[in-house]
Amino acid sequence: MNTTKKALTAVTHLTSIYPRRLHTFHHHRHYHHRLFYRLFSAQPQQRQDDSDDSHPNNSAISDFDSAQFSIPDALRTTPQQPTWDVHHRQRVERIFSNGDLRHRKVKEEEEEEESRRRILAKALLEAALEGPDEDADQDQEVKEEDQKSLSVGIIGAPNAGKSALTNFMVGTKVAAVSRKTNTTTHEVLGVMTKGDTQICFFDTPGLMLNRSGYLHKDMKVRVESAWSSVNLYDVLMVIFDVHRHLTKPDSRVIRLIKRMGEEPNPKQIRILCMNKVDLIEKKKELLKVAEQFKDLPGYGRIFMISGLKGSGVEDLTKYLMEQAVQRPWDEDPITMSEEVMKNISLEVVRERLLDHVHQEIPYGIDHRLVDWKELRDGSLRIEQHFITSKMSQRKILVGKNGSKIGRIGIEANEELRSIFKREVHLILQVRVKT
Ligand SMILES: Nc1nc2c(ncn2[C@@H]2O[C@H](COP(=O)(O)OP(=O)(O)OP(=O)(O)O)[C@@H](O)[C@H]2O)c(=O)[nH]1
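Residues numbered from 1 in each chain as written. Predicted model: local features only at pLDDT ≥ 70, side-chain atom pairs only at ≥ 80, totals over all residues. Heavy atoms only, no water.

(A) Representation of the environment of leucine 416 in the model. Relative to the elements of secondary structure, leucine 416 occurs in helix H16 (residues 403-420). The class of leucine 416 is buried, set by a relative accessible area of 0%. As for leucine 416 and leucine 426, which are separated by 10 residues in sequence, their C-alpha atoms are 9.0 Å apart. When near neighbours in sequence (up to four residues on either side) are disregarded, leucine 416 contacts Ile344, Ser345, Val348, Ile382, Lys421, Val424 and Leu426. (Helix = DSSP H or I, 4+ residues; strand = E, 2+ residues; numbered from the N terminus. Buried < 20%, exposed > 50% of the residue type's maximum accessible area, 1.4 Å probe, protein only. Contact = heavy atoms within 4.5 Å.)

Structural data, given as structure tokens:
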């Protein structure tokens, strides 16, 4: 059993001793699977989860049904500049252009897709030129015996910048928004595959020590198990907000740093990351902090980084890549394509929603994928619901005569069509929670 799988097993154990968590996962049977793909902001959910078909708002009438619209010519000929994260686009692009092309549409559509693809490719190219991209050889399949893997557990106080950093490394803005606050079990923050190496980043929330350096009593059992699973990662990255440390040091964070670095762990590489260095004006201050922790033998390296702005992250990534071990990847980019597609569909619709509803509302609503069907002709039927708590919110989302949701739907439908390279029938509904 490889390390990541061991970590996942530990997670199962954690969920069994802490059943409350299961309520937040609508499908515990698929927990591992789901857990593994928490790369995206919203998750596919099943209709039976909490849809209440007896409610008047849950009638079969949809607020947007792409079947009722023809895609405007303007959109067809001059597709919008893609806004969805470029790395995921590239990945999807790879999956769909190299992978299973069973569902390719008829010839004339292919031509249209080709021109769209060129536009998309151009946008991707432009984005790629903005920064170094070592993914160039990613299209080639890497044989299992050549694959290298690394599991990295990230540990730090809330707000230390775990997701911003992963986000930067994995190259997706989506990882950051996908996080729910106060999560208690380990979950995948992101997966980075470059060349022959795949790195999985795990969050390890709830692993703080109390002021005196001991485990919190009330959560002892849960926290102890969480601690023991920490040892299963190849690398443990301890991250802290160095700006906060210099302005308002937190004794628990200091305890954590010291405890993790007390002695070397022969089975695990540990590194210390001083994060948010961009907030420090006098760089000398950073050296003082590094000095404070330099005698901790448990840390293989100390990095000074800004997970948000990116400084030092290249070095850190390079270091991690070098630690990867000969082991097959845990994530197969091809087999996960449907799961990824589902998440993409949510992400694209959500992005359009945020474009069109410039208020706090989008953050308060529940967004779900309730149906996903691949039809015989190769097209996709995707139904998504927005569940709001107030009728007034529903009104805003739907807009006058359905204009807002219609706009969101048309644009999202077009974008999904372009990404998936097939016909998409998108249905959106705005429901009010009972
Ligand atoms: N200036 C600066 N801000 C950062 C940096 N990294 C993270 N932040 C900010 O710090 C806040 C917390 O960052 P997150 O990445 O969400 O922190 P986290 O550790 O994942 O937080 P939890 O989800 O609570 O565990 C956000 O407002 C980030 O924008 C950084 O390198 N520099």
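Now, onward.
(B) A look at the environment of glycine 310. By secondary structure assignment, the location of glycine 310 is in the loop between strand E7 (299-304) and helix H12 (313-323). Separated by 142 residues in sequence, glycine 310 and phenylalanine 168 have C-alpha atoms that sit 6.8 Å apart.

(C) How the structure looks around the pairing of strand E11 (residues 424-432). Burial analysis of E11 places eight of its nine residues in the buried class, the great majority of the element. By the bridge criterion, two bridges tie strand E1 (residues 64-65) to E11 in an arrangement that is antiparallel. Along E11, the bridge assignment pairs phenylalanine 64 with leucine 428. In the sheet, strand E10 (residues 380-388) pairs with E11 via nine bridges, with the strands oriented parallel. Bridge pairing links arginine 381 to histidine 425 in E11. (Pairing = 2+ DSSP bridges.)

(D) Representation of the packing of aromatic side chains within the structure. Across all of its chains, the model carries three aromatic pairs by this definition. Here phenylalanine 240 and phenylalanine 293 contribute two aromatic rings whose centre-to-centre distance is 5.6 Å and whose plane-to-plane angle is 80°, an arrangement assigned as edge-to-face. Of this pair, phenylalanine 240 sits in strand E5 (residues 235-241) while phenylalanine 293 sits in helix H11 (residues 283-293), and the two are 53 residues apart along the sequence. Accessibility assignment for this pair places phenylalanine 240 and phenylalanine 293 in one class, buried. (Phe/Tyr/Trp six-rings, centres within 6.5 Å; stacked < 30°, edge-to-face > 60°.)

(E) Highlighting the sheet that holds E11. Spatially, E1-E11-E10-E9 is the arrangement adopted by the four strands of the open sheet, whose pairing is mixed. Looking along the sheet, the strands with just one partner apiece sit at the ends: E1 and strand E9 (366-374). Sheet topology places E9 next to E10; eight bridges connect them, and they run antiparallel. Its bridge partner lying in E10, tryptophan 372 is registered against isoleucine 382. H16 rests against E1, E9, E10 and E11 of the sheet, and its axis sits at about 145° to E11. (Axes fitted to C-alpha atoms, helices over the stretch in contact; angles between N-to-C directions.)

(F) Region of interest: the site of the ligand. Lining the immediate surroundings of the ligand are 16 residues, of which Lys162, Ser163, Ala164, Lys276 and Asp278 lie closest. Contacts to the ligand include serine 163, whose side-chain N or O atom sits 2.6 Å from an oxygen atom. With respect to the ligand, the backbone of alanine 164 contributes an N or O atom lying 2.8 Å from an oxygen atom. For the ligand, whose accessible area on its own is 650 Å², the fraction buried by protein is 73%. Top element by residues in the shell around the ligand is helix H6 (residues 162-170). It accounts for three residues. Taken together, the residues that form the shell around the ligand break down as six nonpolar, six polar and four charged. (Near = heavy atom within 4 Å. Polar contact = N/O pair within 3.5 Å; in protein donor to acceptor, adjacent residues only side chain to side chain. Areas by Shrake-Rupley, 256 points an atom, 1.4 Å probe, with all protein chains shown as cover. Nonpolar A, V, L, I, M, F, W, Y, C, P; charged D, E, K, R; others polar.)

(G) Structural context of the pairing of E5. Taking burial as the measure, the seven residues of E5 include seven buried ones, the bulk of the element. Strand direction decides the pairing type here: strand E2 (residues 148-155) and E5, joined by four bridges, are parallel. Residue pairing in the sheet places valine 152 in a bridge with valine 235 of E5.

(H) Highlighting the pattern of salt bridges. What the rule picks out here adds up to 19 salt bridges. A salt bridge links arginine 368 to aspartate 366; the shortest N-O distance between them is 2.7 Å. Its relative accessible area of 6% is what places arginine 368 among the buried residues. A network of salt bridges, in which partner residues are shared, links Arg352, Asp355, Arg407, Glu411 and Glu415. (Salt bridge = Lys/Arg side-chain N within 4 Å of Asp/Glu carboxyl O.)

(I) Expanded view of H12. Taken residue by residue, H12 has Val313, Leu316, Thr317, Tyr319, Leu320 and Gln323 as its buried positions. Projection of H12 onto a plane perpendicular to its axis shows the buried side chains occupying an angular sector of 160°, all on one side. Of the exposed residues in H12, the ones pointing more than 90 degrees away from its buried face are Glu314, Lys318 and Glu322. (Arc of directions from axis to C-beta.)

Note that all results are geometric; they support no functional claim without further evidence.
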